[in-house]
Amino acid sequence: MTATLVIGGARSGKSAHAEALAASSGKKVVYLATAHARDAEMAARIALHRQRRQADWISVEEPLALGAAIARWGAPDCVVLVDCLTVWLSNLLFSEQRDYPDVGVIMPPPAFSRERQALLESLEQAGGDVILVSNEVGMGIVPQGAISRWFVDEAGRLNQAVAVRCDCAVLMVAGLPMQLKGAA
Amino acid sequence: MTATLVIGGARSGKSAHAEALAASSGKKVVYLATAHARDAEMAARIALHRQRRQADWISVEEPLALGAAIARWGAPDCVVLVDCLTVWLSNLLFSEQRDYPDVGVIMPPPAFSRERQALLESLEQAGGDVILVSNEVGMGIVPQGAISRWFVDEAGRLNQAVAVRCDCAVLMVAGLPMQLKGAA
Amino acid sequence: MTATLVIGGARSGKSAHAEALAASSGKKVVYLATAHARDAEMAARIALHRQRRQADWISVEEPLALGAAIARWGAPDCVVLVDCLTVWLSNLLFSEQRDYPDVGVIMPPPAFSRERQALLESLEQAGGDVILVSNEVGMGIVPQGAISRWFVDEAGRLNQAVAVRCDCAVLMVAGLPMQLKGAA
């Protein structure tokens, strides 16, 4: 049972690399999408991802209860491919209708710590291989607006918490993997 | 005939590293600049780049037809140094006067796919060594505005398409190269 | 006497890694903080950092005269841990009350080149080990506004100038170190 984190910037080839890892495992692949199509731009992005996936993969959509989904689908003959953690985090942080202050300390919605904990436990107790795709979002200039800084902080903390529970981690740059942890 | 991609963030030492690679090749260097000076800030940036270049290099400016320029200048005793792909992409995407929507799917101008294809073919059929400088722009927070997301996407896709056609690729961080592909 | 640069994005685990390096040195640790708490958000960030530090570390705050502080505290039986260069640069660049233009070339305040020079000399003449934490801020999209581009440029140049004077440098991604320079 191995867990692998594939992290990288936008359009760095994260999903394609994760999909190639899953395909080469020889196991049944459960593709766990966290994105919902809310507008035409997002629909186009999702359609692109779908074209690339193999016909015999099981596709599941889970925007919020990700830990429970990993626990449900994990099995010794399966690879669960989660694409991606950043969209899930965004779904979770903005799952509640509310106004965010422009400065100051922002409190996450109640679901956040519960679902975050469930995700981390699902990795510790995984019944099968898991591959997780995530974005590096913290290497640009510190964003204006407390809400954006908060998102960058939580995404970075999540990536650290996931990486420490993974056996392997790779950073994608221009479609090329750099090994961060574990064997290639 | 080798092609090398030097990728990195702003002020990561990309250009200096690419210029050192070119200078140490022992070949004649053709410096292919993609930037035009449109304002004082850009002029200052270009002047800085110019100071560093060696006197016996051939300097050429080509903001749009980059593939044709690489094909024209490529020769077994030459290194063509392209600085940089991100500015070229920006020239190309914004080569047309038009209004961009703030949300939704954006269509590139007609010249884009033609010139992009010409660039990729020029790398596959290069008559001499090519060194290409490009920016990693996708590791910050997802930008607001569809036009910026579109630029990040196209820059990332371009970097992948170029990297796959290169023999060597390095990521620059704080002036230090990390080998992504090929031998150091 | 070794100098080490720990560079990474926001929430990449830079500070924790630098603190672990300092703690494992077996030497007396002088923690040199460059941040001042000006609002609740910053106070919360500083408090988090403080919780993690060990009780027997010497804590010093120096927002501007960083080179002098490194020179003062450097000693063969000490490690000076500077956290972080990016905040210091920001303190320095914005140490003067003035209006910045939205386009064009921006001139730094007079203190900037003097303090920058003092920092670089303090690394060259360090009386003991130094560990410096810094942010990679240049891998996002080019920011709008001349002042932000200027900050990105100066941060990148500073990181290069520091890295070239360090024996070791690591890039942090998701809490995992990648060796840029020197031995692990």
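Thresholds applied
- Residues numbered from 1 in each chain as written.
- Chains lettered and ligands numbered in written order.
- Predicted model: local features only at pLDDT ≥ 70, side-chain atom pairs only at ≥ 80, totals over all residues.
- Heavy atoms only, no water.
- Contact = heavy atoms within 4.5 Å.
- Buried area = accessible area lost by both parts, 1.4 Å probe.
- Salt bridge = Lys/Arg side-chain N within 4 Å of Asp/Glu carboxyl O.
- Polar contact = N/O pair within 3.5 Å; in protein donor to acceptor, adjacent residues only side chain to side chain.
- Helix = DSSP H or I, 4+ residues; strand = E, 2+ residues; numbered from the N terminus.
- Nonpolar A, V, L, I, M, F, W, Y, C, P; charged D, E, K, R; others polar.
- Pairing = 2+ DSSP bridges.
- Axes fitted to C-alpha atoms, helices over the stretch in contact; angles between N-to-C directions.
- Least-squares fit on C-alpha atoms with pLDDT ≥ 70 in both.
- 1 Å grid on protein atoms, 1.4 Å probe; cavity = no way out; pocket = protein on both sides within 12 Å on 5 of 7 lines; lining within 4 Å.
- Points joined across faces, edges and corners; volume = space filled by probe spheres on them.
- Core = buried A, V, L, I, M, F, W, Y, C linked by side-chain atoms within 4.5 Å.
- Buried < 20%, exposed > 50% of the residue type's maximum accessible area, 1.4 Å probe, protein only.
- Parallel < 35°, antiparallel > 145°, perpendicular 65-115°, else oblique.
- Left-handed = near helix turned anticlockwise from the far one by under 90°.

J.: Go over the interface of chain A and chain C, please, and point to the residues and values.
T.: Between chain A and chain C, the residue contacts involve 24 residues of the former and 26 residues of the latter. Both sides of the chain A and chain C interface together cover about 1,900 Å² of buried area, and 67% of this is carbon and sulfur. When the buried area of chain A at its contact with chain C is split by residue, M139, I141 and L180 of chain A rank highest and sum to 35% of it. The tally of links from chain A across to chain C stands at 1 salt bridge. Applying the counting criterion to the chain A and chain C interface returns 6 residue pairs in polar contact (both at pLDDT 80 or more). Within the residue set of the side of chain A that touches chain C, elements represented by two or more residues are β1 (3-8), α6 (146-164), β6 (168-173) and β7 (176-181) of chain A. It is α6 of chain A that provides the largest number of residues to the side of chain A that touches chain C, a total of 9 residues. Tallied by class, residues from the side of chain A that touches chain C come to 12 nonpolar, 7 polar and 5 charged.

J.: Quick one: what's the story with the sheet that holds strand β2 (residues 28-33) of chain A, residue by residue and with numbers?
T.: Across a sheet, paired strands are connected by hydrogen bonds in the backbone, their directions being either parallel or antiparallel. Residue and element names in this part refer to chain A. Spatially, 7 strands are ordered β3-β2-β4-β5-β1-β6-β7 in an open sheet, and the strand pairing comes out mixed. Only two strands of the sheet have a single partner each, and these edge strands are β3 (58-61) and β7. Each neighbouring strand pair of the sheet contributes to a mean axis angle of 20 degrees, computed without reference to strand direction. Here 5 bridges tie β6 to β7, and the two strands are oriented antiparallel to one another.

J.: Could you give an account of the relation of the copies chain A and chain B, with specific residues and numbers?
T.: The two copies are related by a screw operation: chain A maps onto chain B through 120 degrees of rotation and 0.0 Å of translation along the axis, at an RMSD of 0.0 Å. The transformation just described matches what one would write down for a three-fold rotation axis. Measuring from the rotation axis to each C-alpha of chain A, the shortest distance belongs to G140 of chain A, at 2.3 Å.

J.: Tell me what's going on with empty space enclosed by the protein, and back it up with residues and numbers.
T.: Counted by the stated rule, this structure contains 2 cavities of 30 Å³ or more. Its boundaries defined by the atoms lining it, the largest cavity holds a volume of some 50 Å³. Lining the largest cavity are A10, R11, S12 and A174 of chain A together with E136, V137, G138, V152, A155, G156 and N159 of chain B. Grouping the constituent residues of the lining of the largest cavity by class yields 5 nonpolar, 4 polar and 2 charged. Taken as a whole, the second largest cavity holds about 30 Å³ of empty space.

J.: Run through the sheet that holds strand β6 (residues 168-173) of chain B, naming residues and quoting values.
T.: Residue and element names in this part refer to chain B. Strand order in the open sheet made by the 7 strands is β3-β2-β4-β5-β1-β6-β7, with mixed pairing throughout. With partners counted over all chains shown, the strands left at the sheet margins are β3 (58-61) and β7 (176-181), one partner each. Taken pair by pair, the neighbouring strands of this sheet meet at an average axis angle of 20 degrees, ignoring direction. Relative to strand β5 (residues 129-135), strand β1 (residues 3-8) runs parallel, the two being bridged by 6 bridges. Counterpart to A3 in the pairing with β5 is V130. The sheet contacts of helix α3 (residues 66-73) involve β2 (28-33), β3, β4 (78-83) and β5, and relative to β4 the element is tilted by about 160 degrees.

J.: Pulling in residues and values, what's your account of the nonpolar core?
T.: Nonpolar side chains tend toward joint burial in soluble globular proteins. One finds L132 of chain A, L132 of chain B together with L132 of chain C to be the most contacted residues of the largest nonpolar core, which totals 138 residues. Among all residues touching L132 of chain B, those that are not within four sequence positions of it are T4, L5, V6, I70, V82, L85, L119, L123, V162 and C166 of chain B.

J.: Provide a residue-level description of the packing of helix α4 (residues 85-93) of chain B against helix α5 (residues 110-124) of chain B, including the pertinent values.
T.: Residues and elements named next belong to chain B. In contact at an axis separation of 9 Å, α4 and α5 are set at 150 degrees when each is read in the N-to-C sense. The orientation of α4 relative to α5 falls into the category roughly antiparallel. Of the two elements, α4 crosses α5, and the hand of that crossing is right-handed. Packed against α4, whose contacting residues are L85, W88, L89, L92 and L93, the element α5 presents A111, F112, E115, R116 and L119 at the interface. For the contact of α4 with α5, the residue count by class is 8 nonpolar, no polar and 2 charged.

J.: Tell me about the pairing of strand β5 (residues 129-135) of chain A, residues and numbers included.
T.: Residues and elements named next belong to chain A. Among the 7 residues of β5, 7 are classified as buried, and the element is accordingly described as predominantly covered. Neither face of β5 is exposed, since D129, I131, V133 and N135 on one face and V130, L132 and S134 on the opposite face are all buried. Strand direction decides the pairing type here: strand β4 (residues 78-83) and β5, joined by 5 bridges, are parallel. In the strand pairing of β5, D83 is matched with V133.

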